[in-house]
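Okay, here's what each chain looks like letter by letter:
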Amino acid sequence: MRHVELDAVVSSERAEDVYAAVLHWERYPELAPHVRATTVHATLPEPVGSSSWELHFRSGLLRWTETDTFLPDELTIRFEQTDGDFDSFTGSWRLEQDGADVTVHFEADFDFGIPSLEGILDPIAERVIRETVAWAVTGLFAGTRIVGDTELVTPAPAAR
């Protein structure tokens, strides 16, 4: 099992607005170069949604469908793979108003279920997932900074 986390601060925004923007998975292909396609099957105002994802991964595609549980009163989105290339993939987005800013915390746990390839696949998947989240959040809100991670490749401010 591999754990992925990413923290960001979105400046001068309301947490409810950031929450509403983050869950627009259909925008992620235009925001993050790793995302080939997303299909939203169901979303708010339903309490439970569903989405399918295709990410560029190594020399192919990483595919999965997930159930998305929306908890707007808690500013949380939980997700869990229902079908796809992972043996298991779960996680959450949590947002919190911090004065004039919004903290965004993303975390996920995944397992391909192939112990012999864990050392090869897991680090690549972790990087792709973290970069995808970073690109999406910085693409949605220009006043975003990634916290505590100097190794991530994110777009330059002019590119947004």
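Look up: the structure comes first, before these words.
Report follows, based on the coordinates. (Residues numbered from 1 in each chain as written. Predicted model: local features only at pLDDT ≥ 70, side-chain atom pairs only at ≥ 80, totals over all residues. Heavy atoms only, no water.)

## Quick notes on the overall build of the protein
1) Next: Along its length, the protein carries three helices and eight strands.
2) Next: Helices (α) and strands (β) of the protein occur, in sequence order from the N terminus, as β-α-α-β-β-β-β-β-β-α-β.
3) Next: With the principal axes as the frame, the protein shows a C-alpha extent of 45 × 35 × 25 Å.
4) Next: When burial is assessed residue by residue, the protein has 44% of its 160 residues classed as buried.
5) Next: Nonlocal contacts in the protein, meaning residues at least 24 apart in sequence, comprise 47% of its contacts between residues at least 6 apart.
6) Next: Accessible area for the protein stands at about 8,100 Å²; split by element, carbon and sulfur atoms hold 48% of it.
7) Next: For the protein, the distance from the average site of its 12 positive side-chain charges to the average site of its 29 negative ones is 6 Å. (Helix = DSSP H or I, 4+ residues; strand = E, 2+ residues; numbered from the N terminus. Buried < 20%, exposed > 50% of the residue type's maximum accessible area, 1.4 Å probe, protein only. Contact = heavy atoms within 4.5 Å. Areas by Shrake-Rupley, 256 points an atom, 1.4 Å probe, with all protein chains shown as cover. Lys, Arg positive; Asp, Glu negative; His and termini not counted. Charge placed at Lys NZ, Arg CZ, Asp CG, Glu CD.)

## Observations concerning the pairing of strand S2 (residues 35-42)
1) Next: One ladder, built from six bridges, connects S2 with strand S3 (residues 48-57); its direction is antiparallel. Directly across from Thr39, in S3, lies its bridge partner Ser52.
2) Next: A loop of five residues connects S2 with S3, the two strands running antiparallel in sequence. (Pairing = 2+ DSSP bridges.)

## Observations concerning the nonpolar core
1) Next: Core analysis: the largest hydrophobic core is formed by 45 residues, its most contacted members being Tyr28 and Trp93.
2) Next: Apart from residues lying up to four places away in sequence, Tyr28 is in contact with Val22, Val35, Thr38, Trp53, Trp93 and Ala136. (Core = buried A, V, L, I, M, F, W, Y, C linked by side-chain atoms within 4.5 Å.)

## Overview of the side chain of Glu54
1) Next: Residue position: Glu54 is located in strand S3.
2) Next: Within the structure, Glu54 has its side chain in polar contact with the side chain of Arg36 (distance 2.5 Å).
3) Next: Side chain to side chain, Glu54 and Arg63 meet in a polar contact 3.3 Å long.
4) Next: Not counting chain neighbours up to four residues away, the residues in contact with Glu54 comprise His34, Val35, Arg36, Ala37, Leu61, Leu62 and Arg63. (Polar contact = N/O pair within 3.5 Å; in protein donor to acceptor, adjacent residues only side chain to side chain.)

## Some thoughts on the environment of Asp111
1) Next: Of note, Asp111 is situated in strand S7 (residues 101-111).
2) Next: For the pair formed by Asp111 and Arg2, sequence separation is 109 residues and the distance between their alpha carbons is 6.2 Å.
3) Next: Asp111 has contacts with Met1, Phe86, Asp87 and Ser88, leaving out every residue within four places of it along the chain.
4) Next: There is a polar contact of 2.8 Å between the side chain of Asp111 and the backbone nitrogen of Gly113.

## Quick look at helix H1 (residues 15-22)
1) Next: All of the buried residues along H1 are Ala15, Val18, Tyr19, Ala21 and Val22. All buried residues of H1 project into a common sector of 165° when viewed along the axis, lining one side. (Arc of directions from axis to C-beta.)

## With respect to the packing of aromatic side chains
1) Next: The full count for this structure, using the stated rule, is 15 aromatic pairs.
2) Next: With 5.5 Å between their ring centres and 65° between their planes, Trp64 and Phe86 make a pair best called edge-to-face. Separated by 22 residues along the polypeptide, Trp64 in strand S4 (residues 60-71) and Phe86 in the loop between strand S5 (76-84) and strand S6 (88-98) bring together distant segments of the chain.
3) Next: Taking the relative accessible area as the measure of exposure, Trp64 reaches 6% and is therefore buried.
4) Next: The buried category is assigned to Phe86, whose relative accessible area is 3%.
5) Next: Their ring planes at 70° and their centres at 5.0 Å tell us that Trp93 and Phe106 sit as a pair that is edge-to-face. Residue Trp93 is located in strand S6, and its partner Phe106 is located in strand S7; the two are separated by 13 residues in the primary sequence. (Phe/Tyr/Trp six-rings, centres within 6.5 Å; stacked < 30°, edge-to-face > 60°.)

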